[in-house]
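Working through the structure, step by step
Listed below, chain by chain, are the residues.
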Amino acid sequence: MTRLIIDLMDAADAEIKEVGGKGFHLGLLHRLGLPVPDGFVLTSAALTQGFSDALRHALADEIQRRDWLLQPLAVRSSASHEDSERASFAGIYQSRLNIVGLTALNNAINDVLASLHTPHAIAYQKRQNIAEASMAIVIMPMLPAVAAGVAFSCDPQSGRDDLIVINAVKGLGNKLVNGEENGEEIVVAEDRLSGALAIIRRRPAMSAQSPVLTDAQAVELADLLRDAAQALDYTDPVFDFEWVLDDTGFWLVQARPVTARHWHTYTGLAGQEAIWSNGNTRDVVPHVMGAMDWIGWRRMVDLMLEQGYRLAGYPLLEGARRCALMNGRLYLNASLIQFEGYDALGIKPKAMNALIGGHHPEIEVAPPTWQNHLQRIFRLLRYLWRSPATRRKGKQQAVAAFAKTRTWCKEDLATLSDKSIIVRLQRLFHETRTSNELMFLQGSGGGNLYLLIELIGRYLPEDNHAIVAAIMAGGEPSVTAQQAYELQNLARLAATDPATLDFLKRGAPWQIEALPPDNAFSTALSKFIANYGHRGIYESYLSSSRYHEDPTYLLETIACLLDTDPAVLEKQRQLSASSAWARIEDALPPLKRWWAGRLVKIARQEINDRELARSALVAYGAAIRSVLLEIGKRLEARKLIRRQDDVFATTPQELVYAFEGKLGSSALQARCAYRQAKQAIWEKLPISEVILGKRAQAPATTSITLDGAWQGIAVGHGLAEGKARIILSPQEGKRLVDGEILVAPSTDPAWTPLFLRAGGLVMETGGYLSHGAIVAREFGIPAVANLPGILETISDGQQIRVDGTRGQVHILN
């Protein structure tokens, strides 16, 4: 049966073609707890044959039921493609305001319906390649507007997503919407550290003698717009809103995605498309990110990547966006990363791409002038002068982070009040974001490694990556490698005690309390968890559990390491290193050899510092997770959310609103369910490694050598041959037999213990600075990265050869 009228509250359940873009978004805003006036939708199916008698009667009954016969009404178009991500149709279709009485209402509906077929509308539809359009109509009461206008949760002119732009006029906003009047413009900026909102610019309305909105009202509206945009799409919260202020507060009367948004970038990239790549991010963030992860961490990538350039005195572009979520997955802006490396320090785009990994194209850059060379030399010297002190302070911040978070995680959070628990959450996020020197360690680990690769490449251009991988092995282990070595020591300890050995071989479910209280293994394991319990599988996500919560993976790993001989790995590492140094002795002049040795020491320390910083940031994440779990427990008990873990589908600000009573259970649960449904869809979508602008590129193909080998990037020196064991997650690691070749999509620190058992490593993604590359070099195992499509080509158990000297993988049968 054809539905004629749908209440605005139910419009979010309807198909967009039935209620139109405007009706759907207003219904969705209402469901998500945003202030939307009452109203209903005349469906497109009801209007297909024009304004029928049945529809007239249904409309009259609805108006009378709502007691709107004398109420001034707004009659607004809601076409099937209107207010969509594809096209806004702004100003194309008609709307009628201040309509009173049934006769006037019927005429207004006919006017709006007729606007679907005007020459102007038909031409616009053709430009957008829309073959068929239908019209629904939204009817809602007029609000007694004190002020009204349009607003954007980004700056559509510059493209900056840390700015909110409000246009306001006194009274109704129709003249502003129609372009008949220039209203007051207010620009509000979001502090990327605290999230606080502040007005940074005002342009008064030409017709107004006084401000349309007070400062407090403008900030209140900006806060509402940010909340509404994140409720509609937390991954890219950029929307165009129409709003009204009456004596009761602010109302939203329209919402649509911003369709025309400039790319905020450097002039040196003018005319080039933004290149988005997840070839590097898949290493540590392989899955879809939830709302809490993204809204909580989204400025962190900028903070990490900026610190080195700030130290060098490079003028960074304010408000530049270096990362984004696309279909829920994290992408880096490879254009900006390449340009900043080149413009600031002269790192060539090709070299930068090899460092970060991925198969994205190189940007076009202008040849440097002599002034550019001088500036780069000055910046490099400034960086070298200032970085040691910054590095020392970063290490101090890491040590402090471990101590503080260890204490916080032991605290009984149930004793804190609601206000105190929110303050704790805000404090943790803020302390993480303001640890600038820690961010420097995490984001600036490749400078001297790049210089080392360039130096060796001048004399051994074909094998420089492999040789550097070999000579980087050894030295003081990183915190991540040390964690793996300590697991290996736990396995050796367990092998000496029959009770522990029997316990491990029985397998899950593990009951550690079954071991004797004075058991040496149990004591050592407790110490291990005290040091590394903040880490976990896919630890970059706040929603991922930590080892101190569930040590199952640790015990499985220890059981698999029982028969591993660490001497074999060490012998392999020493052979690779001595072979590589012999080639350097033959090829490089004495002074260059000395400089290479010096760079190795510095680069090792930088990489180790990078892993230390990562562990410290993960420790902050573990503390934040503990707070969120306590908040989730309280919200579940009060039936504000359905499950404790739903807290990870909220945003930090929504938690504040929930405790303050500004966001009720139905709205908060609706937001969680809406986001989780989207995440489930995104997880099933194919992953595009590269996106140019907004266009996903065809999957990258790995080059094949003349002898049929797959050519990637050599990230671990040496040669290994054995059975390929395809492992898609660390939990599958027990399938790996000692000496087999580990073939994985990407690897984060939880994979590290598997490297102790693998004869070689093949990674579909990653570059020279990816986690798998760093640890493979430390352990001295042959490793090749950046081989898109290899997982679909190699069969599990197939015999392959990993040539870490040439960066090649050979399929042998």
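The structure under discussion appears in the preceding block.
Residues numbered from 1 in each chain as written. Predicted model: local features only at pLDDT ≥ 70, side-chain atom pairs only at ≥ 80, totals over all residues. Heavy atoms only, no water.

This next bit is on the overall build of the chain. A tally of regular secondary structure across the chain gives 27 helices and 25 strands. Expected size for 813 residues packed as a compact globule is a radius of gyration near 28 Å; at 30 Å, the chain falls within 12% of this value. The principal-axis extent of the C-alpha atoms belonging to the chain is close to 95 × 70 × 55 Å. Within the chain, contacts between residues at least 6 apart in sequence are counted, and of these 70% link residues at least 24 apart. Accessible area for the chain stands at about 33,800 Å²; split by element, carbon and sulfur atoms hold 53% of it. Distance between charge centroids for the chain: 4 Å, based on 85 positive and 89 negative side chains. (Helix = DSSP H or I, 4+ residues; strand = E, 2+ residues; numbered from the N terminus. Rg over C-alpha atoms; globule rule 2.2 N^0.38 Å. Contact = heavy atoms within 4.5 Å. Areas by Shrake-Rupley, 256 points an atom, 1.4 Å probe, with all protein chains shown as cover. Lys, Arg positive; Asp, Glu negative; His and termini not counted. Charge placed at Lys NZ, Arg CZ, Asp CG, Glu CD.)

A sheet is described by the order of its strands in space; here five strands give the open sequence 1-2-5-3-4, paired in antiparallel fashion. The outermost strands of the open sheet, each flanked by one partner alone, are strand 1 (5-7) and strand 4 (95-99). Pairwise comparison of adjacent strand axes, ignoring direction, gives a mean angle of 25° for this sheet. Direction of pairing for strand 3 (residues 73-79) relative to strand 5 (residues 135-141): antiparallel, over a ladder of seven bridges. Residue pairing in the sheet places Leu 73 in a bridge with Pro 141 of strand 5. Sitting on the sheet, helix 1 (residues 16-31) touches strand 1, strand 2 (40-42), strand 3 and strand 5, and the angle it makes with strand 3 is about 120°. Sitting on the sheet, helix 3 (residues 53-65) touches strand 1, strand 2, strand 3 and strand 5, and the angle it makes with strand 2 is about 170°. (Pairing = 2+ DSSP bridges. Axes fitted to C-alpha atoms, helices over the stretch in contact; angles between N-to-C directions.)

Once that is clear, we can look at the sheet that holds strand 8 (residues 184-190). Paired through their backbone hydrogen bonds, the strands of a sheet run either parallel or antiparallel. A sheet is described by the order of its strands in space; here six strands give the open sequence 9-8-7-6-10-11, paired in antiparallel fashion. With partners counted over all chains shown, the strands left at the sheet margins are strand 9 (197-203) and strand 11 (249-257), one partner each. Ignoring which end each strand starts from, the neighbouring axes of this sheet average 25° apart. One ladder, built from eight bridges, connects strand 10 (residues 239-246) with strand 11; its direction is antiparallel. Across the sheet, Val 244 pairs through a bridge with Trp 251, a residue of strand 11. Set on the sheet, helix 7 (residues 215-232) makes contact with strand 6 (147-152), strand 7 (163-170), strand 8, strand 9, strand 10 and strand 11; between it and strand 9 the angle comes to about 115°.

Structurally, the position occupied by Gly 319 is in the loop between helix 9 (300-312) and strand 13 (323-326). With 40 residues separating them in the primary sequence, Gly 319 and Gly 279 have C-alpha atoms 24 Å apart. Contact partners of Gly 319, with chain neighbours within four places excluded, come to Arg 160, Asp 162 and His 264.

Here the focus is helix 4 (residues 102-114). For helix 4, spanning 13 residues, the distance from its first C-alpha to its last is 18 Å, which sits close to the expected 18 Å at 1.5 Å a residue. For helix 4, the set of buried residues is Leu 105, Asn 106, Ala 108, Ile 109, Val 112 and Leu 113. Taken around the axis of helix 4, the buried residues stretch over an arc of 165°, which confines them to a single face. Where the residues of helix 4 are buried, they touch strand 2, helix 2 (44-47), helix 3, strand 3, strand 4 and strand 5. (Expected span 1.5 Å × (residues − 1). Buried < 20%, exposed > 50% of the residue type's maximum accessible area, 1.4 Å probe, protein only. Arc of directions from axis to C-beta.)

Our focus in this paragraph is the pairing of strand 5. Along strand 5, seven of the seven residues are buried, which leaves the element largely enclosed by surrounding structure. As defined by bridge partners, strand 2 adjoins strand 5 across three bridges and the pair is classed as antiparallel. Looking across to strand 5, one finds that Phe 40 is bridged to Ile 139.

The next point concerns helix 26 (residues 771-779). In terms of residue burial, helix 26 counts as a mostly covered element, since nine of its nine residues are buried. Regarding helix 26, the residues found buried are His 771, Gly 772, Ala 773, Ile 774, Val 775, Ala 776, Arg 777, Glu 778 and Phe 779. Once helix 26 finishes, Gly 780 follows within two positions and takes phi at roughly 75°, a positive value.

Moving on to the environment of Met 326. Note that Met 326 resides in strand 13. It is 42 Å that separates the C-alpha atoms of Met 326 and Ala 491, two residues lying 165 residues apart in sequence. Those residues within four positions of Met 326 in sequence are excluded, and the remaining contacts are Trp 276, Tyr 331, Ile 691 and Gly 693.

Counted under the stated rule, the structure contains 13 aromatic pairs. Between Phe 40 and Trp 68, the aromatic rings sit 6.0 Å apart at their centres with planes inclined by 20°, giving stacked as the arrangement. In this pair, Phe 40 sits in strand 2 while Trp 68 sits in the loop between helix 3 and strand 3, placing the two residues 28 residues apart along the sequence. Both residues of the pair, Phe 40 and Trp 68, belong to the buried class. The ring centre of Tyr 342 lies 4.4 Å from the NZ or CZ of Arg 376, which sits over that ring. (Phe/Tyr/Trp six-rings, centres within 6.5 Å; stacked < 30°, edge-to-face > 60°. Lys NZ or Arg CZ within 6 Å of the ring centre and 35° of its normal.)

Attention now goes to the packing of helix 17 (residues 479-495) against helix 19 (residues 520-532). Interhelical geometry of helix 17 versus helix 19 gives an angle of 170° and a closest axis separation of 10 Å. Classed by the angle they form, the pair helix 17 and helix 19 counts as roughly antiparallel. Along its contact with helix 17, which presents Val 479, Gln 482, Gln 483, Glu 486, Leu 487, Leu 490, Leu 493 and Ala 494, the element helix 19 presents Ala 520, Phe 521, Ala 524, Leu 525, Phe 528 and Tyr 532. Of the residues belonging to the contact of helix 17 with helix 19, the class tally is eleven nonpolar, two polar and one charged. (Parallel < 35°, antiparallel > 145°, perpendicular 65-115°, else oblique. Nonpolar A, V, L, I, M, F, W, Y, C, P; charged D, E, K, R; others polar.)

With that settled, consider unusual backbone geometry. Positive phi outside glycine occurs at Tyr 538, with the angle close to 50°. Tracing the chain through its elements places Tyr 538 in the loop between helix 19 and helix 20 (552-560). The exposure class of Tyr 538 is buried, given its relative accessible area of 12%. For Lys 639, which is not a glycine, the phi torsion comes out positive at approximately 60°. Assignment of secondary structure puts Lys 639 in the loop between helix 22 (590-637) and helix 23 (652-660). Residue Lys 639 is classed as exposed on the basis of its relative accessible area of 61%.

The next thing to look at is the pattern of salt bridges. Tallied over the full model, the rule gives 54 salt bridges. For Asp 215, the salt bridge is made with Arg 202, and the minimal N-O distance between the two is 2.9 Å. Pair noted here: Asp 215 is in helix 7 and Arg 202 is in strand 9, with a separation of 13 residues, a long-range link. Of the residues examined, Arg 202 reaches a relative accessible area of 28% and is grouped as partly exposed. We note a salt bridge from Asp 796 to Arg 725, for which the minimum N-O separation is 2.7 Å. A residue pair is termed long-range when its members are at least 10 positions apart, and Asp 796 in the loop between helix 27 (790-793) and strand 24 (799-803) and Arg 725 in strand 20 (residues 719-726) qualify at 71 residues. On the basis of relative accessible area, Arg 725 is assigned to the buried category, the value being 13%. Taken together, the shared-partner salt bridges in this structure form one network comprising Asp 161, Glu 190, Asp 223, Arg 226, Arg 298 and Arg 299. (Salt bridge = Lys/Arg side-chain N within 4 Å of Asp/Glu carboxyl O.)

Moving on: the side chain of Glu 539. Here Glu 539 shows up in the loop between helix 19 and helix 20. For Glu 539, a relative accessible area of 3% corresponds to the buried category. When residues no more than four places from it in sequence are discounted, the contact partners of Glu 539 are Arg 546, Arg 614, Val 618, Asp 748 and Pro 749.

Here the focus is the packing of helix 9 against helix 14 (residues 436-443). In a pair of packed helices, the angle between the axes and the distance between the axes together describe the arrangement. For the pair helix 9 and helix 14, interaxial distance at closest approach is 8 Å and the crossing angle is 90°. Classed by the angle they form, the pair helix 9 and helix 14 counts as roughly perpendicular. Residues Met 300, Leu 303, Met 304, Leu 305, Gln 307, Gly 308 and Leu 311 of helix 9 form the contact with helix 14, whose own contacting residues are Asn 436, Met 439, Phe 440, Gln 442 and Gly 443. For the contact of helix 9 with helix 14, the residue count by class is seven nonpolar, five polar and no charged.

With that out of the way, let us pick up a nonpolar patch on the surface. A cluster of nonpolar side chains, Trp 370, Leu 374, Ile 377, Leu 380, Leu 381 and Leu 384, forms an exposed patch at the surface whose accessible area comes to about 620 Å². Secondary-structure assignment places Ile 377 in helix 12 (residues 370-410). On the basis of relative accessible area, Ile 377 is assigned to the partly exposed category, the value being 49%. (Patch = residues over 30% accessible without salt bridge, like charges linked within 9 Å, V, L, I, M, F, W, Y side chains within 5 Å.)

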